[in-house]
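# Per-entry structural report
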Amino acid sequence: MPAVSINHIIKTYGTKKQKVTALDDISFNVEKGELFGIIGPDGAGKTSLFRILTTLLLADSGTATVDGFDVVKDFASIRNRVGYMPGRFSLYQDLTVEENLEFFATIFKTSIEKNYELIKDIYVQIEPFKNRRAGKLSGGMKQKLALSCALIHSPTVLFLDEPTTGVDAVSRKEFWEMLRGLKAKGITILVSTPYMDEAGLCDRVALLQKGKILSINTPSGVVGEFKQPLMAVKSANMLPLLRELQQLDIVTDAYPFGEYHHAVMKNEEAAEELKKRINDTTNKDLVIKRTEANIEDCFISLMKNV
Amino acid sequence: MNSRYAITAEALTKQFGDFTAVDAISFEVNKGEIFGFLGANGAGKTTAMRMLCGLSMPSSGKATVAGFDVYKENEQIKRNIGYMSQKFSLYDDLTVRENMRFYGGIYGKSNAFIKEKTAFILDHLHLQEEADTLVRSLPLGWKQKLAFSVAVFHEPEIVFLDEPTGGVDPVTRREFWNMIYVAAAAGTTIFVTTHYMDEAEYCNRVSIMVDGRIEAMDSPAMLKQQYGAASMDEVFLQLARKAKRIDS
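Residues numbered from 1 in each chain as written. Chains lettered and ligands numbered in written order. Predicted model: local features only at pLDDT ≥ 70, side-chain atom pairs only at ≥ 80, totals over all residues.

## Describing the overall build of chain B
Basically, it comes down to this: Strands are runs of DSSP state E lasting at least 2 residues, helices are runs of H or I lasting at least 4, and numbering of each runs from the N terminus. Radius of gyration: over C-alpha atoms. The globule rule applied is 2.2 Å multiplied by the number of residues raised to the 0.38 power. With C-beta atoms placed from the backbone, a residue is labelled by how many other C-beta atoms lie within 10 Å of its own: buried for 20 or more, exposed for 12 or fewer, partly exposed between the two. Residues are defined as contacting one another if the C-beta atoms placed from their backbone atoms lie within 7 Å.
Secondary structure summary: chain B contains nine helices and 10 strands in total. Taking 18 Å as the expected radius of gyration for a compact globule of 248 residues, we find that chain B reaches 18 Å, a close match to that expectation. Each principal axis of the C-alpha atoms in chain B carries an extent, and together these give about 50 × 40 × 35 Å. Across the 248 residues that make up chain B, the buried fraction comes to 46%. Residue pairs at least 24 apart in sequence account for 68% of intrachain contacts in chain B once pairs closer than 6 positions are excluded.

Structure follows, in structure tokens:
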């Protein structure tokens, strides 16, 4: 039995005249113990999906189970066994760190002591501030408290909705290390993120855009689906270089990619030919090299081919 | 303003009680430059930006923005800069056209100017059909691009962009940077913060703040060389890991 099973879920908002389809016939499974990433920009449907799975929102049609329980019929059982960390900080700002944790433990008829082992690695980092009100914590500490509260009843499945949005690169890395630790304890984790570079840290990912799944695979599997040759190109004159690449008939697509531009080539011959086709007198310090696609290249390619 | 600098800061400091949020930062931003202002959460970026936008009085030090003094001429500063953030940009319950009319009016632009500029932007963004649509019902990608156009509607010398691309899809993110490039090429100075390290590469120069100080400042190429790093992500991690302040 998969930890999460989603079958043909459709969710729309708005009136008949102005209908927005947040989730457009979504189906997939998440296996027990998996660290599963839902990667997509704002408006892709990530939060709607999480709210349906945590029984906070009803789908228009389709079915879903969490831990074998139906999200509609068995909502009470699901609420007892999942942990949910919403995108927006939702703890009680006027309670202290410790009070918040105690509150959530009590609601789930358990105690901090009983499940301390599970949250220990995370909670020790904020324990020195346990008498501080949650509203007075820094962003990083709030995040750790929210995660501790979502874990205090020892859930089997953990839903984390954009835990790293607006968080700097260092704190993001630390957060993902915490998730690997939780996974090692056997918890199934569904995590959503708009940051493409975090996909590589998941066991499997679903790329979501405008309510549709573009691809669902292991990170290396997603990258493996990218079949066209990819070239990294840079020169001292990046903006004109980009325009030049975009106009070449042997290039399917060209876009900035950090230090380099990435050029998706029509085929192998095109990749060979690129050197000859770029003007190296106007482009000082020209560098052209073969490169491997990453998740972001795949996302761009899938988005444009929909 | 006869200087080549759009922004100058000299030992600019902000203290809250005994906490020094911004600790004597000094830097210049050239006119027409794309300047990336990076730092970990809690490093002091927002506080520094608020001082430069004329919204917060420094505790000590000097700074000028568009040639105006941050202490005495903060009202002139507000008139001569543009500002956009991911969190606040446009009014959802106004139409595309009304948002432009509103911002143009706030900045004291004439009706003729507003009319002409509105037509130009609608045309440029291919938004003619949506001119009378509420901003609320625009796709996020369009909203962000419109927000940038509105931030530079009054043709400011400098525009401050606070995480303008957070949560935006990778295609729109690149279209957005294309707009930044075009504005910079036309002479607008761009002061931008971001958590996307690939975007740091698109800046002419970047500064990296750690614990209220500017720890490094140079072109991305020079910074990578200096720190023996393959990417800006590595440079950032090396510096940000030194942070002593508790914000993790």
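## Remarks on the overall build of chain A
A count of helical and extended segments in chain A gives 10 helices and 14 strands. Overall, chain A is about 70 × 45 × 35 Å in size when its C-alpha atoms are taken along their principal axes. When each of the 306 residues of chain A is scored for burial, the buried share is 45%. Across chain A, the fraction of contacts at a sequence separation of at least 24, relative to all contacts at a separation of at least 6, is 69%.

## Focus on the environment of Ile26(A)
Residue and element names in this part refer to chain A. Inspection of the secondary structure assignment puts isoleucine 26 in strand E2 (residues 19-30). Through-space distance from the C-alpha of isoleucine 26 to that of histidine 8 is 4.9 Å; in sequence the pair is 18 residues apart. With residues near it in sequence (within four places) discarded, isoleucine 26 still touches Ile6, Ile9, Leu49 and Ile213.

## Some thoughts on the packing of helix H3 (residues 97-107) of chain A against helix H5 (residues 139-151) of chain A
A pair of packed helices can be characterised by two numbers: the angle between their axes and the separation between those axes. All names here are of chain A. Which entries qualify depends on this criterion: Each axis is a line fitted through C-alpha atoms, taken for helices only over the stretch in contact, and angles between the N-to-C directions span 0 to 180 degrees. Roughly parallel here means an angle under 35 degrees, roughly antiparallel means over 145, roughly perpendicular means 65 to 115, and every remaining angle is called oblique. Helix crossings fall into two classes, left-handed where the near helix is turned counterclockwise from the far one by less than a right angle and right-handed where it is turned clockwise. Gly is put with the polar residues, along with every residue not named as nonpolar or charged; the nonpolar set is Ala, Val, Leu, Ile, Met, Phe, Trp, Tyr, Cys and Pro, and the charged set is Asp, Glu, Lys and Arg.
Close contact between H3 and H5 brings their axes to 8 Å; oriented N to C, the two are set at 20°. Classified by the angle their axes make, H3 and H5 are roughly parallel. For the crossing formed where H3 meets H5, the hand is right-handed. Between H3, through Val97, Asn100, Leu101 and Phe104, and H5, the contact on the second element is made entirely by Leu145, Ser148 and Cys149. Among the residues making up the contact of H3 with H5, the classes are represented as five nonpolar, two polar and no charged.

## Section: the interface of chain A and chain B
Listed by partner, the interface residues are 29 residues for chain A and 29 residues for chain B. In terms of residues, the side of chain A that touches chain B owes the most to one element, helix H10 (residues 295-305) of chain A, which gives five residues. Its residues assigned to classes, the side of chain A that touches chain B comprises 13 nonpolar, 10 polar and six charged.

## Some words on the domain arrangement of chain A
Residue and element names in this part refer to chain A. Keep this limit in mind: Note that the domain bounds were set by an automatic or database domain assignment.
Structurally, chain A comprises domain 1 (4-221) and domain 2 (226-305). Look at where the C-alpha atoms of domain 1 and domain 2 centre, and you get two points 37 Å apart. Taken together, the contact between domain 1 and domain 2 spans nine residues of the former and six residues of the latter. Contributing elements (two or more residues each) for the side of domain 1 that touches domain 2: strand E9 (204-209) and strand E10 (212-217). When grouped by side-chain class, the residues that make up the side of domain 1 that touches domain 2 number six nonpolar, three polar and no charged.

## Points about the environment of Lys114(A)
Residues and elements named next belong to chain A. Here lysine 114 shows up in the loop between H3 and helix H4 (116-123). By C-beta crowding, lysine 114 is classed as exposed, having 12 other C-beta atoms within 10 Å. With 40 residues separating them in the primary sequence, lysine 114 and serine 154 have C-alpha atoms 9.4 Å apart.

## Let's talk about the sheet that holds strand E10 (residues 213-218) of chain B
All names here are of chain B. For clarity, the threshold we go by: Pairing between strands is defined by DSSP: at least two bridges between them are needed.
Spatially, the six strands line up as an open sheet ordered E6-E7-E8-E3-E9-E10, and their pairing is mixed. Either end of the sheet is taken by a strand with one partner, and the two such strands are strand E6 (81-85) and E10. Here the strands of the sheet are splayed against their neighbours by 15° on average, with no regard to which way each runs. The sheet contact formed by strand E3 (residues 34-39) and strand E8 (residues 189-193) spans three bridges and is parallel. Bridging across to E8, phenylalanine 35 finds its partner in phenylalanine 191.

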